[in-house]
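Here's the letter readout for the chains.
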Amino acid sequence: MFIAYRAMENRAFDAVVAAGRDDITMAQAKLLQRVNEEGSRLGELAESAQVTKQTAGYLVDQLEAAGYVERRPDPNDARARLVCLTDHACSIRPVADAAVAEVEAEWAAHLGGRRMAQLREALARLREIADPSAK
């Protein structure tokens, strides 16, 4: 599963770079893809990316300096801040999504429609027990 995911992730990242966004690293992109639409707390990002809070903070600082994210007050907790996507970050999503769709189409052509559907179902079921954020 890791090898297939890594291949897809690399294709999406390469597409973003080919589209002119060479100001982002793979490590930054991995964190960026985990920011929720409504914003994410730094601790949530660190946990989701499986990095320390210090590493997540460093990556967020870099992403903020490049204009991909901004920190905003958390409306539910005055003491907390949310990391939120900017329009600059949202503009690369269609590029990455198109690359992912292309890879998925290649996988479906290779596996066949039935097996691809089974793969999706199996991965969704495994996420129920493997991803603490999926609850």
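Computed from a predicted model, the values in this text were never measured in an experiment. (Residues numbered from 1 in each chain as written. Predicted model: local features only at pLDDT ≥ 70, side-chain atom pairs only at ≥ 80, totals over all residues. Heavy atoms only, no water.)

## Quick look at the overall build of the protein chain
Now for step 1: For the protein chain, the count of helices and strands is seven helices and two strands.
Now for step 2: Seen in sequence order, the protein chain has helices and strands lined up from the N terminus as α-α-α-α-β-β-α-α-α.
Now for step 3: Referenced to the eigenvectors of the C-alpha coordinate spread, the extents of the protein chain come out at roughly 50 × 35 × 25 Å.
Now for step 4: Scored against the burial criterion, the 135 residues of the protein chain give a buried share of 27%.
Now for step 5: The long-range share in the protein chain, meaning contacts at least 24 apart out of those at least 6 apart in sequence, stands at 49%. (Helix = DSSP H or I, 4+ residues; strand = E, 2+ residues; numbered from the N terminus. Buried < 20%, exposed > 50% of the residue type's maximum accessible area, 1.4 Å probe, protein only. Contact = heavy atoms within 4.5 Å.)

## Side note on the packing of helix α3 (residues 42-49) against helix α4 (residues 53-65)
Now for step 1: The geometry of α3 relative to α4 is characterised by a closest axis approach of 8 Å and an angle of 110° between their N-to-C directions. By the angle between their directions, the pair α3 and α4 is classed as roughly perpendicular. Along the contact surface, α3 presents Leu-42, Gly-43, Leu-45 and Ala-46, while α4 presents Lys-53, Ala-56, Gly-57 and Val-60. (Axes fitted to C-alpha atoms, helices over the stretch in contact; angles between N-to-C directions. Parallel < 35°, antiparallel > 145°, perpendicular 65-115°, else oblique.)

## Some remarks on unusual backbone geometry
Among all residues save glycine, negative phi is the norm, and among peptide bonds the norm is trans.
Now for step 1: Despite not being glycine, Gln-50 has its phi angle at roughly 60°, a positive value.
Now for step 2: You can see Gln-50 is positioned in the loop between α3 and α4.

## Observations regarding the nonpolar core
Now for step 1: The biggest cluster of nonpolar side chains holds 22 residues, and the ones touching the most others in it are Ile-24, Leu-31, Leu-32, Leu-63, Tyr-68 and Val-69.
Now for step 2: Secondary-structure elements contributing two or more residues to this core are α1 (2-18), α2 (26-32), α3, α4, β2 (77-85) and α6 (93-111).
Now for step 3: In this view, Leu-31 contacts Leu-45, Ala-49, Ala-56, Leu-59, Val-60 and Leu-63; residues no more than four positions away in its chain are not counted. (Core = buried A, V, L, I, M, F, W, Y, C linked by side-chain atoms within 4.5 Å.)

## Regarding the layout of surface pockets
Now for step 1: Taken as a whole, the largest pocket holds about 2300 Å³ of empty space.
Now for step 2: Lining the largest pocket are 45 residues; nearest its centre among them are Tyr-5, Glu-9, Gln-33, Arg-34 and Asp-131.
Now for step 3: Elements with a contribution of two residues or more to the lining of the largest pocket: α1, α2, α3, α6 and α7 (113-130).
Now for step 4: If one sorts the elements of the lining of the largest pocket by residue count, α1 sits on top with nine residues. (1 Å grid on protein atoms, 1.4 Å probe; cavity = no way out; pocket = protein on both sides within 12 Å on 5 of 7 lines; lining within 4 Å. Points joined across faces, edges and corners; volume = space filled by probe spheres on them.)

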